[in-house]
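Survey of secondary and tertiary structure
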Amino acid sequence: MGIAGRTAIVTGAGNGIGAGIAAKLAQNGAAVVINDINEADALKVAAEIKASGGRALAVKADITRWEEVKAMVDETVRAFGTVDILVNNAGALRDNSILKMPEEDFDLVIGTCLKGSWLCCKAVLGHMRAQQFGRIVNITSRAWLGNPGQSNYSAAKAGVVGLTYALALEFAPHGVTVNIVAPGFIEAPMARRLPPEIQEKVINAQPIKRPGRILDIANAVLYFCDEETSYVTGQILYVDGGRHVV
């Protein structure tokens, strides 16, 4: 029942949506590994979870590097005995017209969003297959449908959708589900960096005329992580105020 006693890794959990997801999983009884490339941020979130009575471990790792990802998973297994849940939340934005976008900005976004998710999945799936249980939740974005000025980000997030579908098919016989939460405009640090006029434009384009909350995303992730959500795989749950159907 639920996720009590399970172990979860949440990438990019040092702030914003990732921190909110980690806190929600811990509140529901999971031990949570707080991954971030910024160690101070990861330690802060882990300390907050432990102060609230939860179990948490901060692990600094660059998810674009296999050696660091593998070391993170090995440390998780040493600390908590297993890894049951992976939430691929870490991401990067480098928006620009394709005509002005440096190649390194394309590589950075593809590397963080797509390659990083692939590496983390690769590192945990052996453990999940061996125990015949696992929950992987990939955080994409409705931008995978295409956004002007986000050729790198849209391509990366579309790649995560394809990755999700492939792994859902490959690992369904082993008790592992692989699903997607696709946020829209969420009140989080990344969104708050947008100019006010852009924020207003995005909100006005939605059927629900307000920003989403981090808690909205965390609740959606929790649904996919539940032990009893065992017949749902290869699915996209949009949490975007209805924007994807406009």
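Going by the structure above, here's the rest.
Residues numbered from 1 in each chain as written. Predicted model: local features only at pLDDT ≥ 70, side-chain atom pairs only at ≥ 80, totals over all residues. Heavy atoms only, no water.

We now examine the overall build of the protein. The number of helices and strands found in the protein is 8 helices and 7 strands. For a compact globule of 246 residues, the expected C-alpha radius of gyration is about 18 Å, and the protein comes in at 17 Å, within 12% of that figure. When each of the 246 residues of the protein is scored for burial, the buried share is 48%. Residue pairs at least 24 apart in sequence account for 72% of intrachain contacts in the protein once pairs closer than 6 positions are excluded. Element-wise, carbon and sulfur atoms account for 55% of the exposed surface of the protein, whose accessible area totals about 11400 Å². Treating the 24 positive side-chain charges of the protein as one cloud and the 24 negative ones as another, the clouds have centres 3 Å apart. (Helix = DSSP H or I, 4+ residues; strand = E, 2+ residues; numbered from the N terminus. Rg over C-alpha atoms; globule rule 2.2 N^0.38 Å. Buried < 20%, exposed > 50% of the residue type's maximum accessible area, 1.4 Å probe, protein only. Contact = heavy atoms within 4.5 Å. Areas by Shrake-Rupley, 256 points an atom, 1.4 Å probe, with all protein chains shown as cover. Lys, Arg positive; Asp, Glu negative; His and termini not counted. Charge placed at Lys NZ, Arg CZ, Asp CG, Glu CD.)

What follows concerns helix α1 (residues 16-27). Given 3.6 residues to a turn, an α-helix orients residues that are three or four positions apart in the same direction. With 12 residues, α1 extends 17 Å from end C-alpha to end C-alpha; this agrees with the ideal 16 Å at 1.5 Å per step. Counting buried positions along α1 gives 10 out of 12 residues, so the element sits mostly inside the fold. Buried within α1 are the following residues: Gly16, Ile17, Gly18, Ala19, Gly20, Ile21, Ala22, Lys24, Leu25 and Ala26. Count one or two residues on from α1 and you reach glycine 29, which has phi positive near 100°. (Expected span 1.5 Å × (residues − 1).)

The next subject is the environment of tryptophan 144. Along the chain, tryptophan 144 falls in the loop between β5 (134-139) and α5 (151-171). For the pair tryptophan 144 and lysine 157, spaced 13 residues apart in the sequence, the C-alpha separation amounts to 4.9 Å. When sequence neighbours within four positions are dropped, the list of residues in contact with tryptophan 144 reads Ser154, Lys157, Ala158, Val161, Ile236 and Tyr238.

Before going further, it helps to examine the nonpolar core. In terms of nonpolar packing, the biggest core is built from 33 residues, with Ile21, Leu25, Ile34, Val181 and Val221 touching the most fellow members. Tallying contributions element by element places helix α8 (residues 214-225) first for this core, with 7 residues. Filtering out sequence-adjacent residues up to four positions away, valine 181 remains in contact with Val137, Asn138, Ile139, Thr140, Ile217, Ala220, Val221, Phe224, Leu237 and Val239. (Core = buried A, V, L, I, M, F, W, Y, C linked by side-chain atoms within 4.5 Å.)

Positionally, alanine 188 belongs in the loop between β6 (176-183) and α6 (189-192). What makes alanine 188 buried here is its relative accessible area of 6%. Each C-alpha atom of the pair alanine 188 and glycine 212 lies 8.9 Å from the other, and the pair is 24 residues apart in sequence. Alanine 188 has contacts with Ile17 and Ile214, leaving out every residue within four places of it along the chain.

Attention shifts here to the packing of helix α4 (residues 103-131) against α5. Orientation of α4 relative to α5, taken along the N-to-C sense of each, is 15°, at an axis distance of 8 Å. With respect to α5, the element α4 is oriented roughly parallel. The hand of the α4/α5 crossing is right-handed. For the pair formed by α4 and α5, the contact residues are Asp105, Phe106, Val109, Ile110, Cys113, Leu114, Ser117, Trp118, Cys121, Leu125 and Arg129 on the first element and Asn152, Tyr153, Ala155, Ala156, Lys157, Gly159, Val160, Leu163, Leu167 and Phe171 on the second. (Axes fitted to C-alpha atoms, helices over the stretch in contact; angles between N-to-C directions. Parallel < 35°, antiparallel > 145°, perpendicular 65-115°, else oblique. Left-handed = near helix turned anticlockwise from the far one by under 90°.)

The tally for this structure, following the rule as stated, stands at 1 aromatic pair. Cation over ring: arginine 6 sits above phenylalanine 133, and NZ or CZ is 3.7 Å from the ring centre. Over the aromatic face of tryptophan 66 sits the side chain of lysine 122, whose NZ or CZ is 5.7 Å from the ring centroid. (Phe/Tyr/Trp six-rings, centres within 6.5 Å; stacked < 30°, edge-to-face > 60°. Lys NZ or Arg CZ within 6 Å of the ring centre and 35° of its normal.)

To continue, consider the pairing of strand β3 (residues 55-60). Note that strand β2 (residues 31-36) and β3 share 6 bridges and pair parallel. Paired with valine 32 across the strands is alanine 56, a residue of β3. After leaving β2, the chain enters helix α2 (residues 39-51) and then returns to the sheet as β3, a path that is right-handed. (Pairing = 2+ DSSP bridges. Right-handed = clockwise from strand over helix to strand, strands pointing away.)

Taken together, the 7 strands give an open sheet; going across it, the order is β3-β2-β1-β4-β5-β6-β7, and neighbouring strands pair in parallel fashion. This sheet does not close on itself; its edge strands, each paired only once, are β3 and β7 (236-239). Averaged over all pairs of adjacent strands, the angle between strand axes in this sheet comes to 20°, irrespective of strand direction. Bridge analysis of β5 against β6 gives 6 bridges, and the strand direction is parallel. Across the sheet, the residue bridging to isoleucine 136 is valine 178, located in β6.

These results come straight from atomic positions and should not be treated as a statement about function.
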